[in-house]
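# Residue-level structural notes
Single-letter residue listing:
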Amino acid sequence: MTNRKAFIPLCIGLSAMCIQWLLAWYWVPVDDAQGEVYRIIYVHVPAAFSAFLSAAILLFTSLLSLKSNDDRWLLTSRAATEIGLIFTILTLATGSIWGKPTWGVWWTWDARLTTTLLLALLYGGWILLFRALSPGTGRRRSCAILGLIIALDVPIIYQSVNWWRTLHQPQTILRRGGSTMDSDMLSVLLGGIIIMAMISVSMILVRYGTLGLERELEEKSLGELR
Amino acid sequence: MNDLTGSTDPFPYIFAAYTVGAICTLGVSLWLYMARLRVEQHLAILKGDRHP
């Protein structure tokens, strides 16, 4: 039987997410401008924040990976990249579903959407690079540099609605003069962001543990062959 | 999706977005659990705790 303790925070996070989604469906009021369809925000924004959080963890572990020869930072980077890719795909998927009834299209080459797609491609590229290179200093350094480039894309995504004329709506929560959202809407959204962040960090920790065990397994298998 | 007034019924879109969110989070959690279970079983076999 597997070590279940590692999954407890993840299970708590998933249970809390169910409660938050029920609140998002039945408790928060309808938006005046968009109507019911705005409720997608309670999945879309937390997923986007988790994708950015993974990039922040990747930035931190990439810097440590460049400074030290410890492979643990590379494993943490890999875990953060895999989970970051999943949440970026979720952000793009929910954004696309939201885009159809509000903009009339599933996809448009808008600055926010394009830079987010670039984030997904960069995350995918990191995984391919990791698999393509053999273990050693070269792989550690190359992956760390790509990790820094990925982290650089996040402020560009965040500022894209200010730097370019976009179809995507401007910042709703963090803006000058405070948020324009209703307090009930905002509290459920912030709760969702915290819960999804907890889920993504738990997933990264679980994945990191599994990757460590996989490395141990490889070493033991090689030892038995010798 | 459009009714006679031209307005769009939002519920299929909301339902689709939440379904994608649920599949993604629960699916990844299950994948993480299965991957951990597989590695721990292989390690146990190597250590001689269990036999295949």
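Residues numbered from 1 in each chain as written. Chains lettered and ligands numbered in written order. Predicted model: local features only at pLDDT ≥ 70, side-chain atom pairs only at ≥ 80, totals over all residues. Heavy atoms only, no water.

This paragraph deals with the overall build of chain A. When its secondary structure is counted, chain A shows 6 helices and 0 strands. When the elements of chain A are put in sequence order from the N terminus, they spell out α-α-α-α-α-α. Overall, chain A is about 70 × 40 × 30 Å in size when its C-alpha atoms are taken along their principal axes. Split into buried and exposed, the 226 residues of chain A put 46% on the buried side. Of the contacts made within chain A by residues no fewer than 6 positions apart, 74% connect residues no fewer than 24 positions apart. If you sum the accessible surface of chain A, you get close to 11400 Å²; carbon and sulfur atoms cover 65% of it. Taken as two groups, the 19 positive and 15 negative side-chain charges of chain A have centres that lie 6 Å from each other. (Helix = DSSP H or I, 4+ residues; strand = E, 2+ residues; numbered from the N terminus. Buried < 20%, exposed > 50% of the residue type's maximum accessible area, 1.4 Å probe, protein only. Contact = heavy atoms within 4.5 Å. Areas by Shrake-Rupley, 256 points an atom, 1.4 Å probe, with all protein chains shown as cover. Lys, Arg positive; Asp, Glu negative; His and termini not counted. Charge placed at Lys NZ, Arg CZ, Asp CG, Glu CD.)

Moving on, we get to the overall build of chain B. Along its length, chain B carries 1 helix and 0 strands. Across the 52 residues in chain B, those meeting the buried criterion constitute 35%. Summing over all exposed atoms, chain B offers an accessible surface of approximately 3200 Å²; the carbon and sulfur share of this is 67%.

All names here are of chain A. In this fold, Thr 61 is placed in helix H2 (residues 41-67). Judged by its relative accessible area of 1%, Thr 61 falls in the buried class. Ignoring any residue separated from it by four or fewer positions in sequence, one finds Thr 61 in contact with Trp 73, Thr 76 and Ser 77.

Take the packing of H2(A) against helix H5 (residues 137-163) of chain A next. All names here are of chain A. The N-to-C vectors of H2 and H5 enclose an angle of 145°; their axes lie 8 Å apart at closest approach. For the pair H2 and H5, the sense of crossing is left-handed. Residues Phe 52, Ala 55, Leu 58, Leu 59, Ser 62, Leu 63, Ser 65 and Leu 66 of H2 touch H5, and the partners they reach there are Arg 140, Arg 141, Cys 143, Ala 144, Gly 147, Leu 148, Ile 150, Ala 151, Val 154 and Ile 157. (Axes fitted to C-alpha atoms, helices over the stretch in contact; angles between N-to-C directions. Left-handed = near helix turned anticlockwise from the far one by under 90°.)

Looking now at the packing of aromatic side chains. Tallied over the full model, the rule gives 10 aromatic pairs over all chains. For the pair A:Trp25 and A:Tyr26, a centre-to-centre distance of 6.4 Å together with 45° between the ring planes defines the contact as tilted. Measuring from ring centre to ring centre gives 5.4 Å for A:Trp107 and A:Trp109, while their planes differ by 80°; the resulting arrangement is edge-to-face. You can call A:Trp109 exposed: its relative accessible area is 62%. Within the aromatic cluster, the residues linked to one another by ring pairs are A:Trp21, A:Trp25, A:Tyr26 and B:Tyr18. Against the face of A:Phe130 rests A:Arg139, its NZ or CZ located 4.0 Å from the ring centre. (Phe/Tyr/Trp six-rings, centres within 6.5 Å; stacked < 30°, edge-to-face > 60°. Lys NZ or Arg CZ within 6 Å of the ring centre and 35° of its normal.)

So, on to the interface of chain A and chain B. With 42 residues of chain A at the interface, the matching set in chain B holds 31 residues. Buried surface at the junction of chain A and chain B, summed over both partners, amounts to about 3300 Å²; 78% is from carbon and sulfur atoms. Across the contact surface, chain A and chain B share 1 salt bridge. Where chain A touches chain B, the interface holds 3 residue pairs in polar contact (both at pLDDT 80 or more). Elements represented by at least two residues in the side of chain A that touches chain B include exactly helix H1 (8-26), H2, helix H3 (72-103) and helix H6 (183-225) of chain A. When residues in the side of chain A that touches chain B are grouped by element, the largest group, 13 residues, is from H6(A). Of the residues assigned to the side of chain A that touches chain B, the class counts are 26 nonpolar, 6 polar and 10 charged. (Buried area = accessible area lost by both parts, 1.4 Å probe. Salt bridge = Lys/Arg side-chain N within 4 Å of Asp/Glu carboxyl O. Polar contact = N/O pair within 3.5 Å; in protein donor to acceptor, adjacent residues only side chain to side chain. Nonpolar A, V, L, I, M, F, W, Y, C, P; charged D, E, K, R; others polar.)

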